[in-house]
Amino acid sequence: MIAFSSQESLFMRSAIDLANKSFNLNEVPVGAVIVKDNQIIGEGRNSVIADKDVSSHAEINAIRSASKKLGNYRLNDCYIYVTLEPCHMCAKAIVDARIKFLIFATKEPKTGSICSIDNFLDNEALNHKVSYKFGLLEEESSNLLKNFFISKR
């Protein structure tokens, strides 16, 4: 079992709050926050439908938010907390933004690029190494996603 701090739990709770907002707006409920020096500097949630933009995933929106806040596209020494395992697009954006650490709540068995269908961040050819761990508030995040898709059937 991976250990998580109470501070990490608070940040993931913020990401889950954003995922709930997406749920209530009929978007797939995924949320993300970016943290630097123990302060949230960026947040995002899925808004693909509202934005009519396939790239409006929670992670991409959080990276955009944090980059604007810092005035830099490089997010050195930042952590990203995401309620769902990132896809390849988001994993590459996390690498390109130079984020230091990824923490995600639950695996995505169909498109998760970190440990489900691929081990993208473990690729030695990448020019930046992102450390990661997962399982923080896993059940809550997983249930939110399951309830969303059940409501669509």
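The structure under discussion appears in the preceding block.
Quick look at the structure, then. (Residues numbered from 1 in each chain as written. Predicted model: local features only at pLDDT ≥ 70, side-chain atom pairs only at ≥ 80, totals over all residues. Heavy atoms only, no water.)

### Remarks on the sheet that holds strand β2 (residues 39-45)
Taken in spatial order, the five strands make up an open sheet running β2-β1-β3-β4-β5, and their pairing is mixed. With partners counted over all chains shown, the strands left at the sheet margins are β2 and β5 (131-134), one partner each. If you compare each strand with its neighbour and ignore which way they point, the axes differ by 15° on average. Strand direction decides the pairing type here: strand β1 (residues 31-36) and β2, joined by six bridges, are antiparallel. Bridge pairing in β2 links G31 to R45. Relative to the sheet, helix α3 (residues 58-70) contacts β1, β2 and β3 (79-84), its axis offset from that of β2 by approximately 140°. (Pairing = 2+ DSSP bridges. Helix = DSSP H or I, 4+ residues; strand = E, 2+ residues; numbered from the N terminus. Axes fitted to C-alpha atoms, helices over the stretch in contact; angles between N-to-C directions. Contact = heavy atoms within 4.5 Å.)

### What to know about the pattern of salt bridges
Counted according to the given criterion, the structure contains four salt bridges. Residue K92 pairs with D96 through a salt bridge whose shortest N-O separation is 2.7 Å. Here the residue K92 and the residue D96 both occupy positions in helix α4 (residues 88-96), the gap between them amounting to four residues, near one helical turn. Of the residues examined, D96 reaches a relative accessible area of 34% and is grouped as partly exposed. (Salt bridge = Lys/Arg side-chain N within 4 Å of Asp/Glu carboxyl O. Buried < 20%, exposed > 50% of the residue type's maximum accessible area, 1.4 Å probe, protein only.)

### Examining the side chain of S55
Positionally, S55 belongs in the loop between α2 (48-51) and α3. With a relative accessible area of 17%, S55 lands in the buried category. A distance of 2.7 Å separates polar atoms of two side chains, one belonging to S55 and the other to D53. Apart from residues lying up to four places away in sequence, S55 is in contact with I60, R64 and M89. (Polar contact = N/O pair within 3.5 Å; in protein donor to acceptor, adjacent residues only side chain to side chain.)

### Here we look at the layout of surface pockets
By volume, the largest pocket amounts to about 550 Å³. Along the walls of the largest pocket sit 26 residues, with V28, L84, E108, L145 and F149 positioned nearest its centre. Looking at the lining of the largest pocket, the element that brings in the most residues is helix α5 (residues 138-151), giving five residues. Among the residues making up the lining of the largest pocket, the classes are represented as twelve nonpolar, six polar and eight charged. (1 Å grid on protein atoms, 1.4 Å probe; cavity = no way out; pocket = protein on both sides within 12 Å on 5 of 7 lines; lining within 4 Å. Points joined across faces, edges and corners; volume = space filled by probe spheres on them. Nonpolar A, V, L, I, M, F, W, Y, C, P; charged D, E, K, R; others polar.)

### Let's talk about the nonpolar core
Of all hydrophobic cores here, the largest spans 30 residues; its most connected members are I34, I63, L75, I80, I99 and L102. Looking at this core, the elements with two or more residues in it are β1, α3, β3, α4 and β4 (101-106). Excluding residues that lie within four positions of it along the chain, L102 makes contacts with I80, V82, P86, I94, I114, L121, V130, S131, Y132 and K133. With twelve residues, the next largest nonpolar core counts L18, V33, F101 and A105 among its residues. (Core = buried A, V, L, I, M, F, W, Y, C linked by side-chain atoms within 4.5 Å.)

### With respect to the packing of α3 against α4
Where α3 contacts α4, the axes come no closer than 9 Å and their chain directions differ by 25°. As judged from the angle between their axes, α3 and α4 are roughly parallel. Along this stretch, α3 crosses α4, giving a crossing that reads as left-handed. Where α3 abuts α4, its residues E59, I60 and I63 lie against M89, C90, A93 and I94. Class assignment for the residues of the contact of α3 with α4 results in six nonpolar, no polar and one charged. (Parallel < 35°, antiparallel > 145°, perpendicular 65-115°, else oblique. Left-handed = near helix turned anticlockwise from the far one by under 90°.)

Everything listed is a geometric property; what it means functionally is a separate question.
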